[in-house]
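Reading the structure
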Amino acid sequence: MEFTELADYAVPAGTLTEWIPSVGPHAHTPEAAGWQPDPRPTSYVHEAHLRTSLSSPRRGRESWLGAAFEIAGPLDKHAFRRAVLNWIDRHEAMRSSASIDEATGEMTRVTAAQGAVDIWQVEQERCAQSSEVFEHLQYLFDEFTSPLIWPAYAFVTLEPLDETRPITVFFAADHSIIDGLSTVLVAHEIAALYGEELGGAPAALFEAGSYLDFGSSERERNAELEHSHEAVAIWRDLLIDGDGQLPDFPLDIGDPSPDDVPQGGLSAWVLDPEQADSFSVACRKTGNSLFAGLLGVLAITGAELGGGTQFRTVTPVHTRDEPQWASALGWFVGLCPISFDIAGAESFGSVVAAASAEVKKTKPIARVPLDRVFTTLGYSARPRFVVSFMDVRFAPAAEHWPDWNARALRSKQYQHDVYIWINRTPQGINIAARYPNTELATARVHEYIGTFRALLTEVADTGTASFSAATSQHPDPGHSDTGRIATSQ
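First things first, this report covers the structure right here in the doc. All values derive from a computational prediction rather than experimental measurement.

1. So, the sheet that holds strand β14 (residues 407-410)
In space, the seven strands of this open sheet follow the order β1-β14-β4-β9-β8-β2-β7, with mixed pairing throughout. Looking along the sheet, the strands with just one partner apiece sit at the ends: β1 (2-5) and β7 (117-123). Going across the sheet, the axis of each strand differs from the next one's by a mean of 25 degrees, ignoring polarity. Across six bridges, strand β2 (residues 14-23) lies against strand β8 (residues 153-160) in antiparallel orientation. Residue pairing in the sheet places E18 in a bridge with V156 of β8. Contacts from helix α3 (residues 130-143) reach β2, β4 (64-71), β8 and β9 (167-174) within the one sheet, and its direction differs from that of β2 by about 15 degrees.

2. A closer look at unusual backbone geometry
Trans is the prevailing form of peptide bonds, just as negative phi is the prevailing case for residues other than glycine. Of note, the amide linkage connecting G73 to P74 takes the cis form, showing an omega dihedral of -5 degrees. Considering the arrangement of structural elements, one finds P74 in the loop between β4 and α2 (77-90). Phi is positive for D243, which is not a glycine, with a value near 55 degrees. Along the chain, D243 turns up in the loop between α6 (230-241) and β10 (264-271). A residue is classified by how much of its surface remains accessible, and D243, at 36% relative accessible area, is partly exposed. Look at N405: it is not a glycine, yet its phi comes out positive at around 55 degrees. With respect to the element layout, N405 can be found in the loop between α11 (401-404) and β14.

3. Details of the pattern of salt bridges
For the structure shown, the criterion picks out 27 salt bridges. For E143, the salt bridge identified is with R61, shortest N-O distance 2.5 Å. Residue E143 is found in helix α3, and its partner R61 is found in the loop between α1 (44-55) and β4; the two are separated by 82 residues along the sequence. Overall, the relative accessible area of 30% leaves E143 in the partly exposed class. The class for R61 is partly exposed, based on a relative accessible area of 27%. Residue R382 pairs with D417 through a salt bridge whose shortest N-O separation is 3.3 Å. Pair noted here: R382 is in the loop between α10 (370-377) and β13 (385-391) and D417 is in the loop between β14 and β15 (418-425), with a separation of 35 residues, a long-range link. Classification of D417 by relative accessible area gives buried; the value is 2%. One connected set of salt bridges, linked through shared partners, spans R58, R61, E62, D142, E143, D260 and K412.

Conventions we followed
- Counting of residues starts from 1 at the beginning of each chain's written sequence and follows it residue by residue.
- Local features in a predicted model are, by the rule used here, given only for residues with pLDDT of at least 70; side-chain atom pairs are given and counted only at 80 or more, and totals for whole chains, interfaces and linings are based on all residues.
- Heavy atoms throughout the structure, all of them, feed into the side-chain values; hydrogens and water do not.
- Strand pairing is defined by DSSP finding a minimum of two bridges between the two strands.
- Under the DSSP-based scheme used, a helix requires at least four consecutive residues in state H or I and a strand at least two consecutive residues in state E, with every element numbered from the N terminus.
- Lines fitted to C-alpha atoms define the axes, with helix axes restricted to the stretch in contact, and inter-axis angles between N-to-C directions lie between 0 and 180 degrees.
- Residue contacts are defined here by distance: any two heavy atoms, one from each residue, within 4.5 Å place the two residues in contact.
- Each residue is placed in one exposure class: buried if its accessible area under a 1.4 Å probe, protein chains only, is under 20% of its type's maximum, exposed if it is over 50%, and partly exposed if it falls in between.
- Each salt bridge in this description consists of a side-chain nitrogen of Lys or Arg and a carboxyl oxygen of Asp or Glu lying within 4 Å of one another.

What follows is the structure, given as structure tokens:
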């Protein structure tokens, strides 16, 4: 499944219907109506996101993730409404609202019971042009998925003017309540629940735990975090290594633009299924994983393009470490630092081994939320270069994604950073990226991705990669072992 902005998803002209959850007078029963106080805390990343949104001029605007997929028409609106309501009852995070009092800074939560949510069904006028459809969707999702309001999510269906075409379902939710894997799950669950409501086979969805319970357990696990904890030590070392900053993109992308310009983006299929298998075999022959192989190739890419032999990045790691979280919706993501040097590497295998050793060292600490680590250090820093990898070949209904025209979506962003997402799917390996929309940054990121793609293909075809710069360069002689990290005692 590709991961792009809404603008990169082709939408036809047609009629949009918004499906907006509500709590209160339209609840199924008077007993179930209304919000109830809920003492459960948010996850650490949810709280950090709320506080950042409150202090930002955008106030949570354009911080959403989503999905688009097709279902067979004509649309049975009664069945679709019941499917969405069943889905909301299934996921407690969709029935809960956390907020922060701006005067006191106190965080509170209210949660609605199963059956307490209804749907406002808003049918828009027919859009004769596909551009009108896009503009309406973009405005709706940008303006009405803020973490500071409820609901922080919405569904939209598009009935095309050409009645022979399928119905498109769009979904968007603020990042505080969903992650990348959540967007992958939505298409399968809504399609299955809708099919059941139409009289088809039972949805037979796996039981899903509650992200609210995860937040509580995460707080309990990390209530006490000493400076001597491994996670704190590893993050402190990375910050010292980076002179107090988290890793930056290995190539020069210039200074931030003075204008508030949305980032640029790209998406490309870099290996087909057979090539992906060949690349995986080449990595396994070195005794390491495909993910370590990808990191190794990224390191070679940076070195070949003059970015130095020390590869540094931050990578997301899912924290769905219990069966109950496998089908749950929420922000089940921790971060771990990656830093390894390939100076003097004599083979592709030695590069991958260096990457693998770093992954084995740092991946376990992703269960400790970075925001909790920074609280312990009395420090904060923003990720500037992030590399994400997901193998979603075995996600529910993954084999249907091409038939459903399924796509994971993200909102526009404006930061001076580079994010790269690499997804292995039944259709092969896809790479997506977002980056500053300047001439220099665009050129350097495209050059980086192009070289990375060529090296991947070489490994897939030959089982190894030829490289020169990585073996001739050495660590920066001006590198300092001291940084500027304030720590609390």
